[in-house]
2 protein chains.
Amino acid sequence: MYRNFRFDVISVADRARCGILKTSRGEIRTPAFVFCGTKASVKAVTPQQLKEVNTQIILSNTYHLFSYPGAEHIKMLGGLHKFMGWDKPMFTDSGGFQIFSLGYGSVANEIKGKRSGIPKLIKVDERGAVFKSYWDGNTQLLTPEKSIKIQRDLGADFIVSFDECTPYRIEKKRTEESMERSHRWEKRSLDAFEQFNDYSQALYGIVQGGIYADLRKRSAEFVSDNPFFASAIGGTLGATKEQMYEVIEMAMNGLNISRPIHLLGIGGIVDIFKGVALGIDTFDCVHPTRIARHGGALVKSQYRDGSSREHINLKKSTYKNDDSPIELDCNCLTCRSFSRAYLHYLLKANELLALQAITIHNIKFMNALMEEIRSGITQNNLKTISEKWC
Amino acid sequence: MYRNFRFDVISVADRARCGILKTSRGEIRTPAFVFCGTKASVKAVTPQQLKEVNTQIILSNTYHLFSYPGAEHIKMLGGLHKFMGWDKPMFTDSGGFQIFSLGYGSVANEIKGKRSGIPKLIKVDERGAVFKSYWDGNTQLLTPEKSIKIQRDLGADFIVSFDECTPYRIEKKRTEESMERSHRWEKRSLDAFEQFNDYSQALYGIVQGGIYADLRKRSAEFVSDNPFFASAIGGTLGATKEQMYEVIEMAMNGLNISRPIHLLGIGGIVDIFKGVALGIDTFDCVHPTRIARHGGALVKSQYRDGSSREHINLKKSTYKNDDSPIELDCNCLTCRSFSRAYLHYLLKANELLALQAITIHNIKFMNALMEEIRSGITQNNLKTISEKWC
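Residues numbered from 1 in each chain as written. Chains lettered and ligands numbered in written order. Predicted model: local features only at pLDDT ≥ 70, side-chain atom pairs only at ≥ 80, totals over all residues.

Draft legend 1. Structural view of the overall build of chain A. Along its length, chain A carries 16 helices and 16 strands. The C-alpha radius of gyration of chain A comes to 20 Å, within 12% of the 21 Å expected for a compact globule of 390 residues. Across its three principal axes, chain A shows a C-alpha extent of roughly 60 × 50 × 40 Å. Within chain A, the proportion of its 390 residues that are buried is 57%. (Helix = DSSP H or I, 4+ residues; strand = E, 2+ residues; numbered from the N terminus. Rg over C-alpha atoms; globule rule 2.2 N^0.38 Å. Buried ≥ 20, exposed ≤ 12 C-beta atoms within 10 Å, placed from the backbone.)

Printed below as a string of structure tokens:
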């Protein structure tokens, strides 16, 4: 069913593991970070620049591309890889997360200021979700079958089952009902996938179940019992960091660990170390590239400014006269070429180059982090590595 | 006086010539195009990308840098080259053009939306020009001595005398008076330059005189009679293309052609061919990079859309399904990676990558144009070359 894909665990340290995720577009060394190219472009950088800083895999959002320019348009132009000039592995998500988040406003940032204003979730029933497009205000229905069809048209290597995303603060009974609907939708996703499987894509199942240990375990077992290529942990991860780690652990209890395991939407440095220690193989998050566009540069602990943040804010006047690079030991183009003072100036002067330069650094940072984590697993010294980065 | 600079004419075809402009930061093959990095950054691209498309020289604007972050700040950070990570030759202008244009609004585009609104020229007297900064609204006086001091602090290789820019529609007597004031200011610029000359910079004189043949000739002779390293043709070039070519010719009549000759602010393809034919060595203009940020991609005649423009507008729906690159025979990163359809989509989706990608193409286009012009001069077939590009 997934003959062109393969996952081999090559090294283990407690529950953390290094693996190789094989695709016809190349291998991904795990643990790995997946960068967000929401609208078929990792904002402000070229595919060449992504490769220059060792990017293995990126993700595009089905919801955005479905709204505009449309999956059939991209298919007509040769698929997502050709369209955007990226020949390495790619993910698309199911579109569900964005649609269900709309009701709660959490992706408002991404879409604010666009056309006809804030999008809106209208209703959810057994068929799927009815919503108004952020792009043109049209009412749309997204179903499991349609999500898979769109993802097939887009042609990413890794695609994701359509599920219902429930918010954090709902009671157990509603979480359970929603999880069961997600399972039915995931089954339908799998059926739709198998019907036209041409071996060019591999399907992820998603673990739901909120913050409830028994539900998370049941959902993880559902995913493991069905012929998905891999598993992703989705839905709410709780209200605190501690709860998040607990929820990941709950899901891990039911997951088939011979398959790759993805943690959706998490990209903090500490969180990545925690996730890796619990057995997570891949992560994605807009955080590294989004903060870059607001002047936030990721730095290892020695380069921080004393705040609890994992990045420094180059807009701060502290950096006005600072002629050192973002990180002295980073060899990315930005750190080789520009001082913090120059980046500070570019941000203040509203120069586009700032966004590109800081994005390049943050991507390099995340890829270097994951590389050191892999070596930390192989050499069984993750703790030492973690002190340097956290 | 200019011992680290040198200009050698190596090939001539009628009045057009190929030369080598030597600096301690490398050679410039002329005719050459100078790209605008107005605020110490060529908008949307890195210095590395500039080099990848064979850029020889760029320009920054004294007026903008003087307003923010200040020349002394840049000096403290090692000068303009180090500040912005560009190690090849650079120009700065005198600041005069922006200040005098303010009264007429022609640089409003560049500065619109910035801070305290539209800047304002308050008065001009024998000392210099009093104006309100676009950045902070403070009243400033710019004199020849101050312009040279600022340009020394910035540290570009080629710097420019401070002159008065008069608008097109003024009578001959006022044009003559203004020209004479410019000459006095240029003398003061030269004195200020010589006083601290450390051989790291070379000074351009500027030819004024409006649209009047006798004034242009007198002004050109003034520049040629004084120990400037090179000459630039400034001020109004008239109201029509034909008048512009005439004005260039008037100036050329009085210029010392053993020195390099720059034409200020001109960047159209036809205009460059005309200028080269009249003996111009270098050109600068924001046009190629500015239109890029509005979706305008420069193309050779065979790739145009039938309009009289030298570029195509990728925002037009014509390009929605066009899976060819901007130019089939261009080998820039953009043309190797992206289709017109993708660039059209990126523009419509407000993706930053569009600006960078089209800017890269337009810079490559201009550099390829200048390279072919140089070979056209050497091989005496400028006319054939011109048909391909115009």
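Draft legend 2. Representation of the interface of chain A and chain B. Of the residues lining the interface, 28 residues belong to chain A; the matching set on chain B comes to 29 residues. Broken down by element, the side of chain A that touches chain B gets its largest block of residues, 4 residues, from helix α14 (residues 340–348) of chain A. Considering only residue class, the side of chain A that touches chain B consists of 17 nonpolar, 7 polar and 4 charged. (Contact = placed C-beta atoms within 7 Å. Nonpolar A, V, L, I, M, F, W, Y, C, P; charged D, E, K, R; others polar.)

Draft legend 3. Region of interest: helix α7 (residues 144–154) of chain B. All names here are of chain B. Buried residues dominate α7, accounting for 8 of its 11 residues. Listed in full, the buried residues belonging to α7 are Pro144, Ser147, Ile148, Ile150, Gln151, Arg152, Asp153 and Leu154. Remark: glycine 155 follows α7 within two positions and exhibits a positive phi of approximately 85 degrees.

Draft legend 4. Main features of the sheet that holds strand β1 (residues 6–13) of chain B. All names here are of chain B. Overall, antiparallel pairing links the 3 strands, which are arranged β1-β2-β3 in an open sheet. Only two strands of the sheet have a single neighbouring strand rather than two, namely β1 and β3 (26–30). Shown here is a sheet whose adjacent strand axes are inclined to one another by a mean of 15 degrees, direction ignored. Of the strand pairs in this sheet, strand β2 (residues 16–23) and β3 are connected by 5 bridges, and their pairing is antiparallel. By the bridge assignment for β3, leucine 21 is matched with isoleucine 28. (Pairing = 2+ DSSP bridges. Axes fitted to C-alpha atoms, helices over the stretch in contact; angles between N-to-C directions.)

Draft legend 5. Broad picture of the sheet that holds strand β1 (residues 6–13) of chain A. Residue and element names in this part refer to chain A. Strand order in the open sheet formed by 3 strands is β1-β2-β3, with antiparallel pairing between adjacent strands. This sheet does not close on itself; its edge strands, each paired only once, are β1 and β3 (26–30). Sheet twist, expressed as the average angle between the axes of neighbouring strands with direction ignored, equals 15 degrees. With 7 bridges connecting them, β1 and strand β2 (residues 16–23) associate as antiparallel partners. Paired with arginine 6 across the strands is lysine 22, a residue of β2.

Draft legend 6. Representation of the domain arrangement of chain A. Partitioning chain A into structural domains gives domain 1 (6–30 + 61–94 + 151–285) and domain 2 (296–366). One C-alpha centre belongs to domain 1 of chain A, the other to domain 2 of chain A; they are set 32 Å apart. (Domains from an automatic or database assignment.)

Draft legend 7. How the structure looks around the relation of the copies chain A and chain B. Each copy superposes on the other: chain A lies on chain B with an RMSD of 0.0 Å after a rotation of 180 degrees and an axial shift of 0.0 Å. Those values place the two copies in the arrangement expected of a two-fold rotation axis. Counting the interface residues of chain A, we find that 100% of their copies in chain B are interface residues as well, pointing to one common contact surface. (Least-squares fit on C-alpha atoms with pLDDT ≥ 70 in both.)

Draft legend 8. Looking closely at the packing of helix α9 (residues 213–225) of chain A against helix α10 (residues 241–252) of chain A. Residue and element names in this part refer to chain A. Closest axis-to-axis distance for the α9/α10 pair is 7 Å, and the angle between their directions is 45 degrees. Considered as vectors, α9 and α10 are oriented oblique to each other. Crossing geometry of α9 relative to α10 is assigned as right-handed. Mapping the contact onto sequence places Ala213, Arg216, Lys217 and Ala220 in α9 and Val247, Met250 and Ala251 in α10. (Parallel < 35°, antiparallel > 145°, perpendicular 65-115°, else oblique. Left-handed = near helix turned anticlockwise from the far one by under 90°.)

Draft legend 9. Up close: the pairing of strand β7 (residues 120–124) of chain B. All names here are of chain B. Sheet analysis places β7 next to strand β8 (residues 129–132), joined by 4 bridges and oriented antiparallel. Within β8, the position partnered with lysine 120 by the bridge is lysine 132. What sits between β7 and β8 in their antiparallel hairpin is a turn of 4 residues.

Draft legend 10. Layout of the packing of helix α14 (residues 340–348) of chain B against helix α15 (residues 353–378) of chain B. All names here are of chain B. Where α14 contacts α15, the two axes come as close as 8 Å, and the packing angle between them is 135 degrees. The orientation of α14 with respect to α15, classified from their angle, is oblique. Of the residues in α15, those touching α14 at Leu343, Leu346 and Leu347 are Leu353, Ala354, Ala357 and Ile358. Tallied by class, the residues present in the contact of α14 with α15 amount to 7 nonpolar, no polar and no charged.

Draft legend 11. Spotlight on helix α11 (residues 269–278) of chain B. Residue and element names in this part refer to chain B. Most of α11 sits out of view: 7 of its 10 residues are buried. Burial in α11 covers these residues: Ile269, Asp271, Ile272, Phe273, Lys274, Gly275 and Val276. Where α11 is buried, its residues contact β2, α10 (241–252), β13 (261–263), β14 (282–285), α15 and α16 (382–389). Looking at the residues trailing α11, positive phi occurs at glycine 279, about 110 degrees.

Draft legend 12. Fine view of the environment of B:Glu180. For B:Glu180, the location among the structural elements is in helix α8 (residues 172–195). Sequence spacing of B:Glu180 and B:Gly209 is 29 residues, and the spatial spacing of their C-alpha atoms is 8.9 Å.

Draft legend 13. View of the confidence of the model for chain A. Residue and element names in this part refer to chain A. Looking at chain A, the pLDDT average stands at 93 and 95% of residues meet or exceed 70. Residue range residues 105–118 is modelled with pLDDT below 50. Its contacts to residues more than four positions away, or to other chains, number 14 contacts. This complex was scored by the predictor with a pTM of 0.95 and an ipTM of 0.95. (pLDDT = per-residue confidence, 0-100.)

Draft legend 14. Local environment of the environment of B:Phe83. With respect to the element layout, B:Phe83 can be found in helix α4 (residues 80–84). For B:Phe83, a count of 26 C-beta atoms within 10 Å corresponds to the buried category. Between the C-alpha atoms of B:Phe83 and B:Leu154, which are 71 residues apart in sequence, the distance is 9.5 Å. Beyond its immediate sequence surroundings of up to four residues, B:Phe83 is in contact with A:Tyr342, B:Ala40, B:Ile74, B:Leu77 and B:Gly78.

Draft legend 15. Looking closely at the environment of A:Trp389. All names here are of chain A. Structurally, the position occupied by tryptophan 389 is in helix α16 (residues 382–389). Classification of tryptophan 389 as buried rests on a count of 20 C-beta atoms within 10 Å. Not counting the four nearest positions on each side in its chain, tryptophan 389 is found in contact with Ile269, Lys300, Ser301 and Leu369.

Draft legend 16. Here's a closer look at unusual backbone geometry. A:Pro31 follows A:Thr30 through a cis peptide bond whose omega is 0 degrees. Structurally, the position occupied by A:Pro31 is in the loop between β3 and β4 (32–36). B:Pro69 follows B:Tyr68 through a cis peptide bond whose omega is 10 degrees. The residue B:Pro69 is located in the loop between α2 (62–67) and α3 (71–76) in this model. One non-glycine residue with positive phi stands out, namely B:Ala40, at about 60 degrees. By the element assignment, B:Ala40 lies in the loop between β4 (32–36) and α1 (47–52). One non-glycine residue, B:Asn350, lies in the positive phi region at around 55 degrees. Residue position: B:Asn350 is located in the loop between α14 and α15.

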